[in-house]
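Below, each chain spelled out in residue letters.
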Amino acid sequence: MRPEPEIGRLVRILRGKDRGGHAVIVGIVDERFVLIADGNGRKFERPKKKNVLHLEFQPAVSSEVAESIKLTGRVTNAKLRYAIQKYIERKGE
């Protein structure tokens, strides 16, 4: 059973030039596509539209990112980088 796409969920990118990297879901287009950003090469202002089949959903959801988007409609790139970095450290990569 694969987790549902939700704002703030961390993902590993399986296809495309960013393959192997991590990002955070910052928007949901429909049941097939989501918008992802990592705060570095892919900023919140210009998120990448990705097919959910090309992403591996991680069990972690960043509550800071989800709250920020829910309250203000945006999130800082630093917060995205921090959420990804914290997740990778916890996972021990």
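Residues numbered from 1 in each chain as written. Predicted model: local features only at pLDDT ≥ 70, side-chain atom pairs only at ≥ 80, totals over all residues. Heavy atoms only, no water.

A. Spotlight on helix α2 (residues 77-91). End to end, α2 covers 21 Å across 15 residues, agreeing with the expected 21 Å (1.5 Å per residue, within 8%). Along α2, the residues classified as buried are Asn-77, Leu-80, Ala-83, Ile-84 and Tyr-87. Relative to the axis of α2, the buried residues are bounded by an arc of 130 degrees and lie together on one face. Pointing more than 90 degrees away from the buried face of α2 are the exposed residues Glu-89 and Arg-90. Where the residues of α2 are buried, they touch β1 (9-13), β2 (22-28), β3 (33-37), β5 (55-61) and α1 (63-72). Positioned one or two residues after α2, Gly-92 has a phi angle of 80 degrees, which is positive. (Helix = DSSP H or I, 4+ residues; strand = E, 2+ residues; numbered from the N terminus. Expected span 1.5 Å × (residues − 1). Buried < 20%, exposed > 50% of the residue type's maximum accessible area, 1.4 Å probe, protein only. Arc of directions from axis to C-beta. Contact = heavy atoms within 4.5 Å.)

B. How the structure looks around α1. Listed in full, the buried residues belonging to α1 are Val-65, Ser-68 and Ile-69. Projected down its long axis, α1 carries its buried residues within an arc of 95 degrees, all on one side. Projecting away from the buried face of α1 at angles above 90 degrees are the exposed residues Lys-70 and Leu-71. Lining the buried residues of α1 we find β2 and α2. Backbone geometry just downstream of α1 places Gly-73 in the positive-phi region, at approximately 80 degrees.

C. Structural view of the nonpolar core. By size, the foremost hydrophobic cluster in this structure holds 13 residues, and its most contacted members are Val-65 and Leu-80. When residues of this core are traced back to their parent elements, those giving at least two are β2, α1 and α2. Examining the composition of this core, we find that four residues originate from one element, α2, more than from any other. If sequence neighbours within four positions are ignored, Val-65 has contacts with Gly-8, Val-24, Val-75, Lys-79, Leu-80 and Ala-83. Residues Ile-13, Val-34, Leu-55 and Phe-57 belong to the second largest nonpolar core, which totals nine residues. (Core = buried A, V, L, I, M, F, W, Y, C linked by side-chain atoms within 4.5 Å.)

D. Region of the structure containing the pattern of salt bridges. The final tally for this structure, using the stated rule, is six salt bridges. The closest approach of N and O atoms between Lys-17 and Asp-18, which form a salt bridge, is 3.7 Å. Classification of Asp-18 by relative accessible area gives partly exposed; the value is 31%. Residues Glu-67 and Lys-70 are paired through a salt bridge, measuring 3.6 Å at the closest nitrogen-oxygen approach. With Glu-67 and Lys-70 both in helix α1, this residue pair falls three residues apart, about one helical turn. When its relative accessible area of 38% is taken as the criterion, Glu-67 is described as partly exposed. (Salt bridge = Lys/Arg side-chain N within 4 Å of Asp/Glu carboxyl O.)

Any functional reading would require information beyond the geometric quantities listed.
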